[in-house]
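Understanding the architecture of this molecule
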Amino acid sequence: MTKPVLSVFGLGYVGSVSAACFAARGHRVIGVDSNPHKSAFLRSGKTTVVEEGIGELTAEQVGNGRLEVSDDACDAVLGSDMSIVCVGTPSAPNGSLSTTYLERVTEEVAIGLAVKDSWHVVVYRSTMLPGTCEQLLIPILERGSGKRAGIDFGVCVNPEFLREGTSVRDFQDPPKTVVGESDPRSGEAVLALYDGLPGPRFRTPIAIAEMTKYIDNSFHALKVGFANEIGAVCAALGLDSHRVMDIFLADAKLNISRAYLRPGFAFGGSCLPKDVRALTHTARAHDVVIPVLASLITSNDVHLCRAVDIVIAQGRRDVGIFGLSFKAGTDDLRESPMVELAERLIGKGFRVRIYDPDVAFSRLIGANRRYIEDQLPHIGELLTDSIDEILEHADTFVVGSRSPEIAAAIDELDGERFVLDLVRLPGAEQLRNRKGYVGIGW
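Residues numbered from 1 in each chain as written. Predicted model: local features only at pLDDT ≥ 70, side-chain atom pairs only at ≥ 80, totals over all residues. Heavy atoms only, no water.

Points about the overall build of the protein chain
- The secondary structure content of the protein chain amounts to 20 helices and 14 strands.
- A principal-axis box enclosing the C-alpha atoms of the protein chain has dimensions of 75 × 45 × 40 Å.
- The proportion of buried residues among the 442 residues of the protein chain is 53%.
- Expressed as a percentage of contacts within the protein chain between residues at least 6 apart in sequence, the contacts between residues at least 24 apart total 70%. (Helix = DSSP H or I, 4+ residues; strand = E, 2+ residues; numbered from the N terminus. Buried < 20%, exposed > 50% of the residue type's maximum accessible area, 1.4 Å probe, protein only. Contact = heavy atoms within 4.5 Å.)

Next comes the structure, spelled out in structure tokens:
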């Protein structure tokens, strides 16, 4: 049976991983992105994101011809059976969701639908609040195409559950697959894209599919905040919070799972902060009081302040930061707590130098280059490609990465220099007894 041809709009983390993984499953995939640099990289078999396995997978699929790039959105729609939209939905200043990119791409897809004479399904993987698809995006598609959703074309919401750093593995081994459908024909076709993959499968109304990602990410954020507060209390009592949480986590029947429930540093990235803000904003708009969820961002900021206060308390001005992205193994700086920590220390007059090999790499090839140049130029000036330069510069080290090379460098330090460990380095149980070492919550 011939597999449907897919066009993927938006070649960031979700889009580039989805495009490469669908191509690896035998689909012909057409990637589309408004950023010509991303398109050029993908066209040459490269990817602008740092992610385990994605570079090799992308090169292979471009090389065998299953993954290609188009600069014409209309042609991509006409040349495919389904259009999968993976553009970002960032936070607006008040915490509401920005749908600017979604609307722009939807308008482009609608132009293709208007001139297409065969059935086409528009699939949204972007995270959006319940009602966004049916109240905003489907009307745009219908106005732009002159056709009716569920009758002349299909629409589905297919949220992704990909963790940065392990997204290729998560695509291939998903915790679940959720498809919200405008009509049974479309839902069946989208669900068939994942045939053979493990995990439970759900076909739902569109709004329920939209909501599932917010529930997941809000709970993940809650778990991080909960574990960090437990870590802070345990540290104050002289207890090893990880030993405490080992006992808590042993109850797999009632305490759910191990994911995120490890005391460490603040949460960040492109999903958790944005989705918690959007959900609490929506609750306020409907006069629903949600004190626990509303406190998550505050709790997260308090935890970040703990790290800043620990550094300040040392009274040393030369600081080396290991790790800048929001999560080790990626180059994503969006709402990274490590960036915020660096900003606050710089603002308080500390002399900061930063080492993160993945961010240094992306700065060269362009994944975060524009973001660093436009939003964080002073941070970009402090980045170095040399661990030795950090070691020579600093008398205080803040560790936000478990990279083996960083762990080895920290292990060789003497007790005269101070180390704040935000990630629980290997051998932390021994390190916590060493002079000059402090774990953020253990």
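As for the UniProt feature "signal peptide" (unreviewed entry) in the protein chain
- UniProt tags residues 1-19 as "signal peptide" (unreviewed entry).
- Its end C-alpha atoms 20 Å apart, residues 1-19 is made of 37% helix and 21% strand. (UniProt positions renumbered as here; feature names shortened; annotations may be inferred.)

Here's the deal with the pattern of salt bridges
- Inspection of every chain in the model, using the stated rule, returns 20 salt bridges.
- Between D240 and R424 there is a salt bridge, with its nearest N and O atoms 3.3 Å apart. With D240 in the loop between α9 (206-236) and α10 (241-249) and R424 in the loop between β13 (418-421) and α20 (428-431), the pair connects residues that are 184 residues apart, well separated along the chain. Considered together, D240 and R424 belong to a single accessibility category, that of buried residues.
- Close ionic contact of D301 with R344 constitutes a salt bridge, the shortest N to O distance being 2.4 Å. Taken together, the residues span a long stretch of sequence, with D301 in helix α13 (residues 296-314) and R344 in helix α14 (residues 337-347) at a distance of 43 residues.
- Judged by relative accessible area, R344 falls into the partly exposed class, the value being 21%.
- One salt-bridge network, in which partners are shared between bridges, spans E164, D332 and R334. (Salt bridge = Lys/Arg side-chain N within 4 Å of Asp/Glu carboxyl O.)

As for the nonpolar core
- Judged by nonpolar contacts, the single largest core of 48 residues is most densely connected at I321 and F322.
- Once you skip the residues sitting within four places of it in the chain, F322 turns out to touch M338, Y355, I387, I390, L391, F397, V398, V399, G400, S401, I406 and I410.
- Counting residues in hydrophobic clusters, the runner-up holds 34 residues, among them L6, L11, V168 and L191. (Core = buried A, V, L, I, M, F, W, Y, C linked by side-chain atoms within 4.5 Å.)

Section: the sheet that holds strand β10 (residues 351-355)
- Pairing is parallel in the open sheet, where six strands are placed in the order β11-β10-β9-β12-β13-β14. Strands with a single pairing partner mark the edges of an open sheet, and in this sheet they are β11 (383-384) and β14 (437-439).
- Sheet topology note: the strand β9 (residues 318-322)/β10 ladder contains five bridges and is parallel. Within β10, the position partnered with V319 by the bridge is V352.
- Across the sheet, α14 touches β9, β10 and β12 (396-399), and the angle it forms with β9 is around 170 degrees. (Pairing = 2+ DSSP bridges. Axes fitted to C-alpha atoms, helices over the stretch in contact; angles between N-to-C directions.)

Considerations on helix α3 (residues 54-63)
- Of all the residues in α3, the buried ones are I54, L57, T58, Q61 and V62. Viewed end-on, α3 has its buried residues packed into an arc of 125 degrees, placing them on one side of the element. Among the exposed residues of α3, those pointing more than 90 degrees away from its buried face are E56 and G63.
- Residues of α3 that are buried make contact with α1 (13-24), α2 (36-43), β3 (67-69) and α7 (167-172).
- Taken from the residues just after α3, G65 is the one with a positive phi, measuring 85 degrees. (Arc of directions from axis to C-beta.)

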